Amino acid sequence: MKTSAVLTILVLVLACSSPAVSQVNGQLQVLDGKPVLTVWGTHTERGYAQGYLTGAAGKDVFDDYIVGYLCGGVAFIYDYMRSSFLSNYAVDTKYVAEAEAAIEGMAAAGVTLHNDTLGRDIDATDLLVSNAIVDLATLMVEDVFGCSSLSSWGSSTAADP
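Regarding the packing of aromatic side chains
Turning to step 1, where the next piece is worked out: A full pass over the atoms with the stated rule returns four aromatic pairs.
Turning to step 2, where the next piece is worked out: On the numbers, 5.7 Å between centres and 20° between planes, the contact of Y65 with Y69 is stacked. Here the residue Y65 and the residue Y69 both occupy positions in helix α2 (residues 43-70), the gap between them amounting to four residues, near one helical turn.
Turning to step 3, where the next piece is worked out: The class for Y65 is partly exposed, based on a relative accessible area of 40%.
Turning to step 4, where the next piece is worked out: Judged by its relative accessible area of 60%, Y69 is exposed.
Turning to step 5, where the next piece is worked out: For the ring pair F85 and Y89, a centre distance of 5.7 Å and an interplane angle of 25° mean the geometry is stacked.

Quick look at the structure:
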């Protein structure tokens, strides 16, 4: 067999055996010393991009802050919070799809999804719980003030007054 034929077969085998990489509709930049994530596309495409580009940092926040600090590193406390979220909040399917895609993006970027305290991989619901952490605090303490930010422009705001 000719060397070029062997090389062609090897390239085809490697191409077919490597996992498919979804397009990343986003970019992560540092502007004036601050990280700025820009994503675009459908909810699923934006979620995948966010998970792929910032998944490691997000996983650290989940492990260290949500489970480690807020829940004191106790799985039962986190499970109670998660259960409270599932019992008290309804999430639109487009946001569930976005969170599921973020998990896929994290995995594609090589982020380890396993949380030692919980003894399992984190999932889309865990991301939604993390996003609602200030809201969940109101289940236990009245008048809790929290904040988050989201910026939209261009066609995303064209129909807004």
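A few points about a nonpolar patch on the surface
Turning to step 1, where the next piece is worked out: A grouping of V61, Y65, Y69 and L70 is seen on the molecular surface, where their side chains present a nonpolar patch of about 410 Å² in accessible area.
Turning to step 2, where the next piece is worked out: Among the structural elements, L70 can be located in helix α2.

Focus: the confidence of the model for the protein
Turning to step 1, where the next piece is worked out: When pLDDT is averaged across the protein, the result is 83; 78% of the residues are at 70 or more.
Turning to step 2, where the next piece is worked out: Confidence drops under a pLDDT of 50 for residues 4-20, and excluding neighbours within four residues, the segment shows two contacts in the predicted structure.

A closer look at the side chain of E98
Turning to step 1, where the next piece is worked out: You can see E98 is positioned in helix α4 (residues 93-108).
Turning to step 2, where the next piece is worked out: Summary of buried charges: E98 has no salt-bridge partner, and the nearest side chain of opposite charge, R46, is 4.2 Å away.
Turning to step 3, where the next piece is worked out: In contact with E98, other than residues within four places in its own chain, are H43, R46 and G47.

Examining unusual backbone geometry
Turning to step 1, where the next piece is worked out: One non-glycine residue, D32, adopts positive backbone phi at about 55°.
Turning to step 2, where the next piece is worked out: A relative accessible area of 75% places D32 in the exposed class.

Brief notes about the pairing of strand β2 (residues 34-39)
Turning to step 1, where the next piece is worked out: In the sheet, strand β1 (residues 26-31) pairs with β2 via six bridges, with the strands oriented antiparallel. Each residue of the ladder has a partner; that of Q29, found in β2, is V36.
Turning to step 2, where the next piece is worked out: In sequence, β1 turns back onto β2 through a hairpin of two residues, with D32 there showing a positive phi of about 55°.

About the thresholds
Residues numbered from 1 in each chain as written. Predicted model: local features only at pLDDT ≥ 70, side-chain atom pairs only at ≥ 80, totals over all residues. Heavy atoms only, no water. Phe/Tyr/Trp six-rings, centres within 6.5 Å; stacked < 30°, edge-to-face > 60°. Helix = DSSP H or I, 4+ residues; strand = E, 2+ residues; numbered from the N terminus. Buried < 20%, exposed > 50% of the residue type's maximum accessible area, 1.4 Å probe, protein only. Patch = residues over 30% accessible without salt bridge, like charges linked within 9 Å, V, L, I, M, F, W, Y side chains within 5 Å. Areas by Shrake-Rupley, 256 points an atom, 1.4 Å probe, with all protein chains shown as cover. Salt bridge = Lys/Arg side-chain N within 4 Å of Asp/Glu carboxyl O. pLDDT = per-residue confidence, 0-100. Contact = heavy atoms within 4.5 Å. Lys, Arg positive; Asp, Glu negative; His and termini not counted. Pairing = 2+ DSSP bridges.

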